[in-house]
Structures are given as C-alpha cells and as structure tokens.
Amino acid sequence: AAGVIQSPRHLIKEKRETATLKCYPIPRHDTVYWYQQGPGQDPQFLISFYEKMQSDKGSIPDRFSAQQFSDYHSELNMSSLELGDSALYFCASSLGRLGQVNYGYTFGSGTRLTVV
Amino acid sequence: AQTVTQSQPEMSVQEAETVTLSCTYDTSENNYYLFWYKQPPSRQMILVIRQEAYKQQNATENRFSVNFQKAAKSFSLKISDSQLGDTAMYFCAFMKPRNSGTYKYIFGTGTRLKVLA
C-alpha cells in the first residue's frame, strides 16, 4: 500500500540558507500535518492543511512557510536557516480535517535536516 | 521493515474507569524503544510513556502503564482512573537508534480515545 512519501530523506544546509521539504500524502487523503522533532524532544506541531487551505497553525517560526498544492502534496519552505532548525521533520496525512476515525493518520518517515 | 499497528481506531471509556489501547509492531531488531504519544486537539504530541526494549520491567508513569510483551511484539497502554483530560488521539511509536547517532521513528495510525463523563 502507498504510504506518505517525504523528500528528501536527508538534507544538509548551511546557516542562512533555504530548504524546501516535500510531502506526498496517501492517495485520497486531503489533510496534511507537519511536525518538527528536535533531538531528544517530542514532535512539535508546526502547521496543517485541509483541502489546500491552512487549517491549524502551531509553533511554526515566521521564517517558515508552507502550502498544499492542487494534487494535495505539501511543501515546507524554511528560510534563513539556523542551527536550531536541525531536526527530523515529519509529515502526516489523513482523510478529513479531524482525521476520520476509520482511516487515522499516516506518518511519513521524515526528513532529517542538518544545519551546519 | 518495521511496522506499527494500532487496530482500534476509536475507543471510549467512562470517567474513573480503566481502558487499554493496543499496539503491535514488527521488527527484527533487538535494540529499540517504544513510545506512546498523546495528541490533544491542539495537535501537539505529548510523550506519555516510553519503554526500552532491553528492559523487562513494564514502564509506569502515574496513571499510565504499559504491558510490554517483547516476544509477542505487543505494547499496550493502560490508562487507569480515566479523566476527561485524557480525551485525545494516542499514537504508538517505534524508534530504532542508528549507529550514526540518528534514529528512525515509525508511528501507528492512532487511536482516538474519548472519556465520557
């Protein structure tokens, strides 16, 4: 079965550079969530999209922006990267804004971003 | 490849009663960690409890405890004296540390728990 695809798997950037992370949800899933997990920390919710519109906003820095496209894939754009942005970035998808009971959430394997 | 399965999409429990959420996983690894995360409506992920695979003793954290059956690859979460604030989505997660110092996380699909007054 198709899963949530995140690309790239690994990314190394220098301070002040820009990075773009991509997330391809499960087919037919219309909701995408982004999480950031720093070393030894719980995943932090960043932002979510439902039907290409931002649905919830968490602790996403102003330097980050995201969007969901017509094919439901989502991109997280990160500018002016800082060392503290080094983390594992998870994307999850679900069917329906509240995560339909019968489908739940499906998480991708994450993109590991290292800022040097 | 590792997989994590939560077979209960939704559960409900009366306040003050006990509920058990199930989680099974599949791995050929011997050294790994298992977690239960709580996701309230805010969508934040809050660590509830963690278990190191090499530890035979089941982890306990106040009203939360796990039944870790390594041979059966089962990791269920028991919530005692359920409270209204326990209403949330619960995710089971498997983590495998890598020699490189990084780690790999795999999440289950979640169980939506509703505590009834």
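As shown above, the structure is provided for reference.
The following paragraphs examine the structure supplied in this document.

What counts and how
- Residues numbered from 1 in each chain as written.
- Chains lettered and ligands numbered in written order.
- Predicted model: local features only at pLDDT ≥ 70, side-chain atom pairs only at ≥ 80, totals over all residues.
- Heavy atoms only, no water.
- Helix = DSSP H or I, 4+ residues; strand = E, 2+ residues; numbered from the N terminus.
- Buried < 20%, exposed > 50% of the residue type's maximum accessible area, 1.4 Å probe, protein only.
- Contact = heavy atoms within 4.5 Å.
- Areas by Shrake-Rupley, 256 points an atom, 1.4 Å probe, with all protein chains shown as cover.
- Lys, Arg positive; Asp, Glu negative; His and termini not counted.
- Charge placed at Lys NZ, Arg CZ, Asp CG, Glu CD.
- Pairing = 2+ DSSP bridges.
- 1 Å grid on protein atoms, 1.4 Å probe; cavity = no way out; pocket = protein on both sides within 12 Å on 5 of 7 lines; lining within 4 Å.
- Points joined across faces, edges and corners; volume = space filled by probe spheres on them.
- Buried area = accessible area lost by both parts, 1.4 Å probe.
- Salt bridge = Lys/Arg side-chain N within 4 Å of Asp/Glu carboxyl O.
- Polar contact = N/O pair within 3.5 Å; in protein donor to acceptor, adjacent residues only side chain to side chain.

Some remarks on the overall build of chain A
Then step 1. Counting its secondary structure elements, chain A contains zero helices and eleven strands.
Then step 2. Principal axes of the C-alpha set define a box for chain A whose edges measure 40 × 25 × 25 Å.
Then step 3. In chain A, which comprises 116 residues, the proportion classed as buried is 48%.
Then step 4. In chain A, the proportion of contacts linking residues at least 24 apart, taken out of those at least 6 apart, comes to 55%.
Then step 5. Looking at chain A as shown, the accessible area adds up to about 5500 Å², and 48% of this sits on carbon and sulfur atoms.
Then step 6. For chain A, the distance from the average site of its 11 positive side-chain charges to the average site of its 11 negative ones is 3 Å.

With respect to the pairing of strand S2 (residues 10-14) of chain B
Residue and element names in this part refer to chain B.
Then step 1. Burial of S2 is one-sided: the residues Met11 and Val13 facing one way are buried, the residues Glu10, Ser12 and Gln14 facing the other way are not.
Then step 2. In terms of strand pairing, S2 meets strand S12 (residues 111-116) through five bridges, oriented parallel. If you follow Ser12 over to S12, its bridge partner there is Lys114.

Focus on the layout of surface pockets
Then step 1. In this structure, the largest pocket occupies an estimated 380 Å³ of space.
Then step 2. Forming the boundary of the largest pocket are 20 residues, of which A:Gly3, A:Thr106, A:Phe107, B:Ile106 and B:Phe107 lie nearest the centre.
Then step 3. Looking at the lining of the largest pocket, the elements that each hand over two or more residues are strand S10 (106-107) of chain A together with strand S1 (3-5) and strand S11 (103-107) of chain B.
Then step 4. A per-element tally of the lining of the largest pocket places S11(B) first, with four residues.

With respect to the interface of chain A and chain B
Many structure descriptions define interface size as the accessible area lost when the parts assemble.
Then step 1. Contacts between the two partners involve 26 residues from chain A, matched on the other side by 20 residues from chain B.
Then step 2. Across the chain A/chain B interface, buried area totals approximately 1900 Å², and carbon plus sulfur atoms make up 51% of it.
Then step 3. The interface formed by chain A and chain B holds zero salt bridges in total.
Then step 4. For the pair chain A and chain B, the number of links is one residue pair in polar contact (both at pLDDT 80 or more).
Then step 5. Looking at the side of chain A that touches chain B, the elements that each hand over two or more residues are strand S4 (31-37), strand S5 (44-50), strand S9 (87-94) and S10 of chain A.

Quick word on the side chain of B:Ser82
All names here are of chain B.
Then step 1. Tracing the backbone through its elements, the reader meets Ser82 in the loop between strand S9 (74-79) and strand S10 (88-97).
Then step 2. A polar side-chain atom of Ser82 sits 2.8 Å from the main-chain carbonyl oxygen of Glu17.
Then step 3. Leaving out residues up to four positions away in the same chain, Ser82 has contacts with Val13, Gln14, Glu15, Ala16, Glu17, Thr18, Val19, Arg63 and Val115.

Quick notes on the pattern of salt bridges
Then step 1. This structure, assessed with the given rule, holds nine salt bridges over all chains.
Then step 2. Between A:Arg63 and A:Asp85 there is a salt bridge, with its nearest N and O atoms 2.9 Å apart. Pair noted here: A:Arg63 is in the loop between strand S6 (53-57) and strand S7 (64-68) and A:Asp85 is in the loop between strand S8 (74-78) and S9, with a separation of 22 residues, a long-range link.
Then step 3. Assessed through its relative accessible area of 4%, A:Asp85 is described here as buried.
Then step 4. The shortest N-O distance in the salt bridge between B:Lys96 and B:Glu29 comes to 3.2 Å. Of the two residues, B:Lys96 sits in strand S10 while B:Glu29 sits in the loop between strand S4 (24-26) and strand S5 (33-39), which places them 67 residues apart along the sequence.
Then step 5. Judged by its relative accessible area of 18%, B:Lys96 is buried.
Then step 6. Salt bridges sharing common partners tie together A:Arg63, A:Glu82 and A:Asp85.

Everything listed here is a matter of coordinates, which is why it stays silent on function.
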